[in-house]
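Single-letter residue listing:
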Amino acid sequence: IVMGRRLHRRGLPRGSALAIALWAIPIGIVGARFYHVVTHPSDYFFEGADLWKVFAIWEGGIAIFGAVLAGAIGLWIGARQEQIRFLDAADALAPGLLLAQAIGRMGNYVNQELFGTPTTLPWGIHIDPGNPAIPPGTPEGTLFHPLFLYELLWNIVGVAVILVVERLWRRRRNSDAPRGLALGLYLIWYGVGRSVFETIRLDPSELFLGVRVNVWAAWGAVLLGLIIVLVQRRR
């Protein structure tokens with residue numbers, strides 16, 4: 001809905017949002033699963049492992065960075081079929097994608113996942129003691145940082161940031177924001193937030209040079225976002 005309204009504002013077909021989504025969403029789900037499996041190889045590849053578990057997405061295990069990377073391919077395919085520039089489609093999608101990610105984080109609360117280190121803050125959450133992400137020896141009754149809630153709020157604020165920046169640009173320059181601005185802001189905003197949240201996340205993850213893989217991915221998103229904004233602004 002958000003993407004369709006933003007396409008319409010640019011003089012593009014509102015219905016193209018659904019046509020593009022039919023490509024981006026399924027390809028994004030495949031990418032989300034692939035990224036999770038690659039970054040958690042010990043969960044799926046060991047002696048006696050059932051390799052069909054790699055495809056058992058209904059048992060859990062998807063990653064937003066994989067969804068964004070593969071979803072971008074679906075976005076490009078769908079935009080090409082609708083005869084819309086990729087950056088126009090990506091800009092139209094950006095705030096709606098952050099909103100969708102915020103809604104998706106509610107599932108982490110239901111599943112008791114994506115929580116952080118122990119905390120004594122009043123908004124700390126209780127996690128069932130049998131959760132495998134809880135370190136052995138953790139005292140009963142310990143509360144944990146609700147990382148899913150932090151990211152949910154961060155993403156909602158990010159939606160507002162993108163919309164406000166675009167509005168200020170139009171007001172001050174009397175023209176639409178340059179192509180790629182919303183996409184770049186999305187990558188920067190989400191990348192900065194995720195790089196911080198990952199540092200207090202409890203569930204295990206693969207490390208590269210002593211840093212969680214998702215932190216590297218978040219830094220990569222920030223760098224790519226900065227490049228897009230600077231290059232497109234100059235153009």
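Whatever comes next refers back to the structure up there.
This text gives an overview of the structure that appears in the document. (Residues numbered from 1 in each chain as written. Predicted model: local features only at pLDDT ≥ 70, side-chain atom pairs only at ≥ 80, totals over all residues. Heavy atoms only, no water.)

**Some points on the overall build of the protein**
Then, in step 1: Of the regular secondary structure elements, the protein holds eight helices and four strands.
Then, in step 2: Walking the protein from its N terminus toward its C terminus, one meets helices and strands in the order α-α-α-α-α-β-β-α-α-β-β-α.
Then, in step 3: Taken over C-alpha atoms, the radius of gyration comes to 19 Å for the protein, in line with the 18 Å a tight globule of 235 residues would show.
Then, in step 4: In terms of overall dimensions, the protein has a C-alpha envelope of 60 × 40 × 35 Å along the principal axes.
Then, in step 5: Roughly 13900 Å² of accessible area belongs to the protein as shown, and the carbon and sulfur atoms make up 66% of that amount.
Then, in step 6: Here the protein carries 22 positive and 16 negative side-chain charges, and the mean point of each set is 19 Å from the other. (Helix = DSSP H or I, 4+ residues; strand = E, 2+ residues; numbered from the N terminus. Rg over C-alpha atoms; globule rule 2.2 N^0.38 Å. Areas by Shrake-Rupley, 256 points an atom, 1.4 Å probe, with all protein chains shown as cover. Lys, Arg positive; Asp, Glu negative; His and termini not counted. Charge placed at Lys NZ, Arg CZ, Asp CG, Glu CD.)

**Regarding the pattern of salt bridges**
Then, in step 1: Per the counting criterion, the structure on display carries nine salt bridges.
Then, in step 2: One salt bridge in this structure joins Arg179 and Asp88, with 2.9 Å as the shortest N-O distance. Taken as a pair, Arg179 in the loop between α6 (147-173) and α7 (181-197) and Asp88 in helix α4 (residues 86-104) lie far apart in primary sequence, 91 residues in all.
Then, in step 3: Judged by its relative accessible area of 33%, Arg179 is partly exposed.
Then, in step 4: The residue Arg194 makes a salt bridge to Glu198 at a minimum N-O spacing of 2.8 Å. We note that Arg194, like Glu198, is buried.
Then, in step 5: Several salt bridges converge on common partners, so that one network encompasses Arg10, Asp88, Asp91 and Arg179. (Salt bridge = Lys/Arg side-chain N within 4 Å of Asp/Glu carboxyl O. Buried < 20%, exposed > 50% of the residue type's maximum accessible area, 1.4 Å probe, protein only.)

**A short note on unusual backbone geometry**
Then, in step 1: Positive phi is not limited to glycine here, since Gln112 has a value of about 50°.
Then, in step 2: The topology assignment puts Gln112 in the loop between α5 (106-110) and β1 (125-126).
Then, in step 3: Of note, the phi angle at Leu114 is positive, near 55°, even though the residue is not glycine.
Then, in step 4: Note on placement: Leu114 falls in the loop between α5 and β1.
Then, in step 5: Given a relative accessible area of 7%, Leu114 falls into the buried group.

**Digging into α7**
Then, in step 1: If you check α7, its first and last C-alpha atoms are 24 Å apart, about what 17 residues at 1.5 Å a residue would give, namely 24 Å.
Then, in step 2: Where burial is concerned, most of α7 is hidden: 14 out of the 17 residues are buried. (Expected span 1.5 Å × (residues − 1).)

**Remarks on a positive patch on the surface**
Then, in step 1: A contiguous patch of positive charge on the surface is contributed by Arg5, Arg9, Arg14, Arg167, Arg171 and Arg172.
Then, in step 2: Broken down by secondary-structure element, the contributors of at least two residues to the positive patch are α1 (2-9) and α6.
Then, in step 3: Counting residues per element, the positive patch draws most heavily on α6, which supplies three residues.
Then, in step 4: Position of Arg14 relative to the elements: it lies in the loop between α1 and α2 (16-39). (Patch = residues over 30% accessible without salt bridge, like charges linked within 9 Å, V, L, I, M, F, W, Y side chains within 5 Å.)

**Focus: the packing of aromatic side chains**
The geometry of an aromatic ring pair is captured by the separation of the ring centres together with the interplanar angle, meaning the angle of the planes.
Then, in step 1: The full count for this structure, using the stated rule, is nine aromatic pairs.
Then, in step 2: Where Tyr35 meets Phe65, the ring centres are 6.3 Å apart and the plane angle is 45°; that geometry is what we call tilted. Here Tyr35 is found in helix α2, whereas its partner Phe65 is found in helix α3 (residues 64-81), with 30 residues between them in sequence. You'll find Tyr35 and Phe65 in the same group, each marked buried.
Then, in step 3: Within the aromatic cluster, the residues linked to one another by ring pairs are Tyr35, Phe65, Tyr186 and Tyr190.
Then, in step 4: Over the aromatic face of Trp169 sits the side chain of Arg173, whose NZ or CZ is 4.2 Å from the ring centroid. (Phe/Tyr/Trp six-rings, centres within 6.5 Å; stacked < 30°, edge-to-face > 60°. Lys NZ or Arg CZ within 6 Å of the ring centre and 35° of its normal.)

**A word on the environment of Val165**
Then, in step 1: With respect to the helices and strands, the residue Val165 is situated in helix α6.
Then, in step 2: Between the alpha carbons of Val165 and Ala177 there is a distance of 8.6 Å; along the sequence they are twelve residues apart.

**Regarding the nonpolar core**
Then, in step 1: Ranked by internal contacts, the top residues of the largest apolar core, which has 31 residues, are Met3, Ala89, Ile162 and Tyr186.
Then, in step 2: Looking at this core, the elements that each hand over two or more residues are α1, α2, α3, α4, α6, α7 and α8 (213-234).
Then, in step 3: Looking at this core, the element that brings in the most residues is α7, giving eight residues.
Then, in step 4: Residues contacting Met3, with those up to four places away along its chain left out, are Ala17, Ile20, Leu75, Ala89, Ala92 and Leu93.
Then, in step 5: If you look at the next biggest cluster of nonpolar residues, it comprises eleven residues, including Ile125, Ile127, Phe144 and Phe148. (Core = buried A, V, L, I, M, F, W, Y, C linked by side-chain atoms within 4.5 Å. Contact = heavy atoms within 4.5 Å.)

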